[in-house]
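Structure assessment
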Amino acid sequence: VAVSSGGAAPTLARLLRERLEALLPERLGALARFAERFRPAVRAVVGGKARRGFWEDFFRGPLAARVLAGDEAGAAGRMLALVNAPVGKPAAGRVALVGAGPGSADLLTLRALQLLQEADVIVHDRLASAAVLDHARREATRIPVGKRRGAHTLPQSEINALLVRLAGEGKRVVRLKGGDPFIFGRGGEEAEALRRAGIDVEIVPGVTAALASAARTAVPLTHRGAAHAVTLVAAERGDGSAPDWAAVAALGQTIVIYMGVGAAAAIAAQLQAHGLAPATPCVVVENATLAEERVVAGRLAELPALIADHAIVGPATIIVGAVVALGAVAAQPAAAPLRLAAAR
Ligand code: SAH
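Here is what the cut-offs are and how they apply
Residues numbered from 1 in each chain as written. Predicted model: local features only at pLDDT ≥ 70, side-chain atom pairs only at ≥ 80, totals over all residues. Heavy atoms only, no water. Helix = DSSP H or I, 4+ residues; strand = E, 2+ residues; numbered from the N terminus. Core = buried A, V, L, I, M, F, W, Y, C linked by side-chain atoms within 4.5 Å. Buried < 20%, exposed > 50% of the residue type's maximum accessible area, 1.4 Å probe, protein only. Patch = residues over 30% accessible without salt bridge, like charges linked within 9 Å, V, L, I, M, F, W, Y side chains within 5 Å. Areas by Shrake-Rupley, 256 points an atom, 1.4 Å probe, with all protein chains shown as cover. Salt bridge = Lys/Arg side-chain N within 4 Å of Asp/Glu carboxyl O. Phe/Tyr/Trp six-rings, centres within 6.5 Å; stacked < 30°, edge-to-face > 60°. Near = heavy atom within 4 Å. Polar contact = N/O pair within 3.5 Å; in protein donor to acceptor, adjacent residues only side chain to side chain. Pairing = 2+ DSSP bridges. Axes fitted to C-alpha atoms, helices over the stretch in contact; angles between N-to-C directions. Contact = heavy atoms within 4.5 Å.

**Some thoughts on the environment of Pro-281**
Here Pro-281 is to be found in strand E8 (residues 281-286). Separated by 18 residues in sequence, Pro-281 and Arg-299 have C-alpha atoms that sit 4.6 Å apart.

Here you go:
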C-alpha cells in the first residue's frame, strides 16, 4: 500500500501511512502471496462474475483469517478443498465478542478496529458509544440490543439466539460490548452459547470502566505501600442479591464499584459497617472518557450526598480506598466536593 502527496506534503503522507499501517493486519503481504498462488486454480474453476465474489468471500472469511494468523499450511489445505468444490455450503459465520472500551474511540484496540471494519453485522449494547460505532464499516448492519433506562431490552437468551442465527447465516458478526466483554458484560454467557452451537468465537478485550476511571483521575489502583489488590465489584446483580460487602471491605484494599450509583447509600453504610473508616477517600467518575465526563470526590461517609448533590445518573464507577488520595482528586471535605474539568 503506497501513499504519496506528490511532493506537496511528505509529512502528511507519512502520517497517513502510519495510520494505515496501524489499521492493516501485519501479515497482509503473506495473504497477497497466498492468494496469488491460488489465482490460476481459482480462475480455472470459478467463472466470470462469480470469481470476484469468491475472492471477496475468501478475503473476508476464515481462510484469510487463518493465513493472517500465520497458519498458511492449514489454510492451503482448506483452500485446495474449496477450489475443488467451489459451490456448496456458504462460508461459516463467525462472532467476535469485542470490548468497545469506556466510550472514547481512541481507546479501542487495533484488533477491535479491524473487526469493526470487516463486520457484516454489529450487535451492540447501549454502552458502545456512537463515537466507537462511527469506526465501523459503513455497510455493516447495526443491531442495538442494549439496556437503556426505560427502553426495551432484549433478554440475554434472545441476544444469544440472535448471535447464533446471524453466524449460521454466514455473517461476520461483531458483538460490541461496553468496556471489556468479560467484566460485568455477560460475555461469558454469549461465548458459551456460541461454542455450544459450534460457532467460532474470538474474544477481544477492551478497556474496562474501572481502568478508564482510574486513568482519568490519575488514581493508581495499586500502589506500593497503599494498595496491593483491587476488587472490581458489581453493586447490582441479575437476581437482586447484594454483594458480600463484608468480604470486600475485609481486604482493606482498593475497591471499584460498578452499577453502584443507585445503591450508593447502602454501599457506603455497608462498607463502613464492615470496618472502612468514614474518612476513606472515594471518587465517582461518571461517563469516563466521554465528553460528558464528570468527576466528584469526597469521603466514604458523604458518598450518597456527593452523588445526590451532583445528580450523578449516567454510567459511573465509584473508587474507594487510600489510593484515591494519590490521584488528581484529593479528597475534599463535604462542603467543597472537588469537580475536575475533563483533563484532556
Ligand atoms: N463491561 C463493562 C461494564 C458493564 S456494566 C466494562 O468493562 O466497563 C455497566 C457499568 O459499567 C455501569 O453501571 C458503570 O458502573 C460502568 N461503566 C461503563 N462505562 C462507564 C464509563 N464510561 N464511565 C464510568 N463507568 C462506566
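Moving on from the model shown.
**Quick word on the environment of Arg-52**
Structurally, Arg-52 can be placed in helix H3 (residues 48-60). Along the backbone, Arg-52 and Gly-178 are 126 residues apart, and their C-alpha atoms lie at a distance of 36 Å.

**Overview of the nonpolar core**
By size, the foremost hydrophobic cluster in this structure holds 23 residues, and its most contacted members are Ile-257, Leu-271 and Leu-303. The element contributing the most residues to this core is helix H12 (residues 264-273), with four residues. Of all hydrophobic cores here, the second largest spans 19 residues; its members include Ala-96, Ala-100, Ile-122 and Val-132.

**Observations regarding a nonpolar patch on the surface**
Taken together, the side chains of Val-1, Leu-20, Leu-24 and Leu-28 make up a nonpolar region of the molecular surface, amounting to roughly 330 Å² of accessible area. Along the chain, the position of Leu-20 falls in helix H1 (residues 10-23). Residue Leu-20 is classed as partly exposed on the basis of its relative accessible area, which comes to 33%.

**Here we look at the packing of aromatic side chains**
Evaluated as defined, the whole model comprises seven aromatic pairs. Ring geometry for Phe-34 versus Phe-38: centroids 5.0 Å apart, planes at 40°, classification tilted. On the criterion of helical spacing, the pair formed by Phe-34 and Phe-38 is a turn pair, its members being four residues apart in helix H2 (residues 28-45). In terms of burial, Phe-34 and Phe-38 fall into one category: buried. Where Phe-184 meets Tyr-258, the ring centres are 4.9 Å apart and the plane angle is 70°; that geometry is what we call edge-to-face. Residue Phe-184 is found in the loop between strand E4 (172-177) and helix H9 (187-196), and its partner Tyr-258 is found in strand E7 (residues 254-258); the two are separated by 74 residues along the sequence. For Phe-184, a relative accessible area of 40% translates into the label partly exposed.

**Points about the pattern of salt bridges**
Summed over all chains, the structure comprises 14 salt bridges. In this structure, the salt-bridge partner of Asp-120 is Arg-172, at a minimum N-O distance of 2.4 Å. With Asp-120 in the loop between helix H6 (110-118) and strand E2 (121-124) and Arg-172 in strand E4, the pair connects residues that are 52 residues apart, well separated along the chain. Like Arg-172, Asp-120 is buried. Between Glu-190 and Arg-175 there is a salt bridge whose closest N-O contact spans 3.0 Å. Of this pair, Glu-190 sits in helix H9 while Arg-175 sits in strand E4, and the two are 15 residues apart along the sequence. For the pair Glu-190 and Arg-175, one class covers both residues: buried. Here the residues in one salt-bridge network are Asp-120, Arg-137, Glu-139 and Arg-172, joined through shared partners.

**Examining the site of the ligand**
Inspection of the region around the ligand gives 17 residues, with Asp-180, Ile-183, Thr-208, Ala-288 and Ala-316 positioned closest. One of the backbone nitrogen or oxygen atoms of Ala-209 is found 2.9 Å away from an oxygen atom of the ligand. Contact between the ligand and Ala-288: a nitrogen atom at 2.8 Å from a main-chain N or O atom of the residue.

**A few points about the sheet that holds strand E5 (residues 200-204)**
The strand order E3-E2-E4-E1-E5 describes an open sheet built from five strands, whose pairing is parallel. Either end of the sheet is taken by a strand with one partner, and the two such strands are strand E3 (141-144) and E5. For this sheet, the mean inter-axis angle between neighbouring strands, taken without regard to orientation, is 20°. The pairing of E2 with E4 spans four bridges and is classified as parallel. Across the sheet, Val-121 pairs through a bridge with Val-173, a residue of E4. Most of the contacts of helix H8 (residues 156-168) go to E4, to which it runs at about 155°, and overall it touches strand E1 (94-99), E2, E3 and E4.

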